[in-house]
Amino acid sequence: MSNFERSDSQSYVNDQLTPPLNHLAGEFWVKFWGVRGLIPTPNSHTCRYGSNTACVEIYVAGKRLIFDGGTGLRILGKTWQQQEEALEAHLFFTNSQSNRIQGFPFFAPAFVTDNCFHIYGTAASNGASIKQCLCDQMLQPHFPYPLQVMESELLFYNLTPGNVIELSEVKVTTALINKYQRSIGYKVSWGTHSIAYTTDLHKSLDIQEQNQILPIIQDVDLLVANATYTPPTDQNHEYAELLWKTPVELAQTAKVKKLVISHHHPDDDDDFLDKIHDEVKSIFLNVVLASEGMMLYVGDR
């Protein structure tokens, strides 16, 4: 690993719903465990796309990577508990807002002694490190048990935009994607294949912001990005188009092979998201809206 501070303490993409039981070192795939922004939204109108907050798993070259720890992280952790061998994984946080970290206290594998987790994040707007933010949400009266009850090995790393993390032949590149929230985006590269994760895009980007984002999404096999939030008014076509304008324009400019729109607003029900999918697809053909359980393979398979 390099270029960041450790804190104290042609290719194709195809869809598959269920990951293999035995992961192979030569595989590169992404699975969505949480696709909502702001707050979980469990109800009968969100069952098809899902209701858990942001959590994405990437498996690449035998390594387990997690991006964001919303409530989807709890579901991911339950599946990992079924494995008998010790786990080592890398958790990358976009920012320290509640919808990105609220699943961490319920991540069961972190309570198992033999497991090891590398945790990466940038400083919050108040200067707090990712370690401090995770600790604070587990203090009374917010949570009954402190972070110290997690018996796994937790290694924390402080990132700044532009850092590059090298995990053997896998490279994770970072960039500032939202100066207002101090959020960072990630690009996971392995050989000639890559996935970009940028799910805190602002509704409008100036030239400087575009120049910061484009290098980590240029020519990627798969771009996971958010559409801007639905306004608290009627969801008519005029507003709907504004939702996906930014990620689509970025995908077109960067020649992205496939776009996945995730981090759906809590008020966007299944029928509304179907409508958004159809509208975006009329402009950018190779697009899909993320749903919980959706799995996408990258590379020659």
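Scroll up to find the structure this text is about.
Scope of this entry: the structure provided in the associated data block. Just so it is clear, the structure is predicted and the values come from calculations on it, not from any experiment.

Cut-offs applied
- Residues numbered from 1 in each chain as written.
- Predicted model: local features only at pLDDT ≥ 70, side-chain atom pairs only at ≥ 80, totals over all residues.
- Heavy atoms only, no water.
- Buried < 20%, exposed > 50% of the residue type's maximum accessible area, 1.4 Å probe, protein only.
- Helix = DSSP H or I, 4+ residues; strand = E, 2+ residues; numbered from the N terminus.
- Arc of directions from axis to C-beta.
- Contact = heavy atoms within 4.5 Å.
- Polar contact = N/O pair within 3.5 Å; in protein donor to acceptor, adjacent residues only side chain to side chain.
- Pairing = 2+ DSSP bridges.
- Axes fitted to C-alpha atoms, helices over the stretch in contact; angles between N-to-C directions.
- Salt bridge = Lys/Arg side-chain N within 4 Å of Asp/Glu carboxyl O.
- Core = buried A, V, L, I, M, F, W, Y, C linked by side-chain atoms within 4.5 Å.

Every buried residue of helix 1 (residues 72-80) is listed here: Gly72, Leu73, Leu76, Gly77 and Trp80. Angularly, the buried residues of helix 1 cover 140° about the axis, an arc narrow enough to put them on a single face. Those residues of helix 1 that are buried are in contact with strand 3 (28-34), strand 4 (55-60), strand 5 (63-67), strand 6 (88-92) and strand 7 (116-122).

Before going further, it helps to spend a moment on helix 4 (residues 207-217). Along helix 4, the residues classified as buried are Glu209, Ile213, Leu214, Ile216 and Ile217. Along the axis of helix 4, the buried residues cluster in a sector spanning 165°; they form a single face. Opposite its buried face, helix 4 presents the exposed residues Ile207, Gln208 and Pro215, each directed more than 90 degrees away. Two or three places before Gln208, at the opening of helix 4, Asp206 has a side-chain oxygen 3.2 Å from that residue's backbone nitrogen. With its phi angle positive at about 60°, Asp219 sits one or two positions after the end of helix 4.

If you walk across this open sheet you meet the 7 strands as 9-10-11-12-13-14-15, and the pairing is mixed. The outermost strands of the open sheet, each flanked by one partner alone, are strand 9 (164-167) and strand 15 (287-289). The mean angle between the axes of side-by-side strands here comes to 20°, regardless of whether they run parallel or antiparallel. Sitting on the sheet, helix 4 is in contact with strand 10 (170-178), strand 11 (183-190), strand 12 (193-198) and strand 13 (222-226), with an inclination near 155° to strand 10. Docked against the sheet, helix 6 (residues 270-281) engages strand 14 (259-262) and strand 15, running at close to 170° with respect to strand 15.

All right, on to the pairing of strand 9 then. When a strand is regular, its side chains alternate between the sheet's two faces. With 4 bridges connecting them, strand 9 and strand 10 associate as antiparallel partners. If you follow Val164 over to strand 10, its bridge partner there is Thr173.

What follows covers the pattern of salt bridges. Counted by the stated rule, this structure contains 7 salt bridges. A salt bridge links Arg48 to Asp271, with the shortest nitrogen-to-oxygen separation between them at 3.3 Å. Taken together, the residues span a long stretch of sequence, with Arg48 in the loop between strand 3 and strand 4 and Asp271 in helix 6 at a distance of 223 residues. Two residues, Asp200 and Arg100, come together in a salt bridge whose shortest N-O distance is 4.0 Å. Residue Asp200 is found in the loop between strand 12 and helix 4, and its partner Arg100 is found in helix 2 (residues 98-101); the two are separated by 100 residues along the sequence. For the pair Asp200 and Arg100, one class covers both residues: buried.

The biggest cluster of nonpolar side chains holds 35 residues, and the ones touching the most others in it are Phe32, Ile58, Val60, Leu65, Phe67, Val188 and Val260. At 4 residues, strand 11 tops the list of elements feeding residues into this core. Judged by nonpolar contacts, the second largest core, of 30 residues, contains Ile217, Leu223, Val256 and Phe272.

What follows is about the environment of Leu155. Position of Leu155 relative to the elements: it lies in strand 8 (residues 153-159). Judged by its relative accessible area of 11%, Leu155 falls in the buried class. The spacing of Leu155 and Cys116 is 39 residues in sequence and 7.8 Å in space, taken between C-alpha atoms.

In this section: the side chain of Ser262. As for its placement among the helices and strands, Ser262 is situated in strand 14. Look past the residues within four positions of Ser262 in its chain and what remains in contact with it is Phe32, Gly34, Val35, Val224, Ala225, Asn226, Ala227 and Ala290.

This part is about the pairing of strand 16 (residues 295-298). By the alternation rule, side chains of strand 16 split into Met295 and Tyr297 and Leu296 and Val298, which are all buried. As judged from the 3 bridges shared by strand 3 and strand 16, these two strands associate in the antiparallel manner. Paired with Trp29 across the two strands is Tyr297, which belongs to strand 16.

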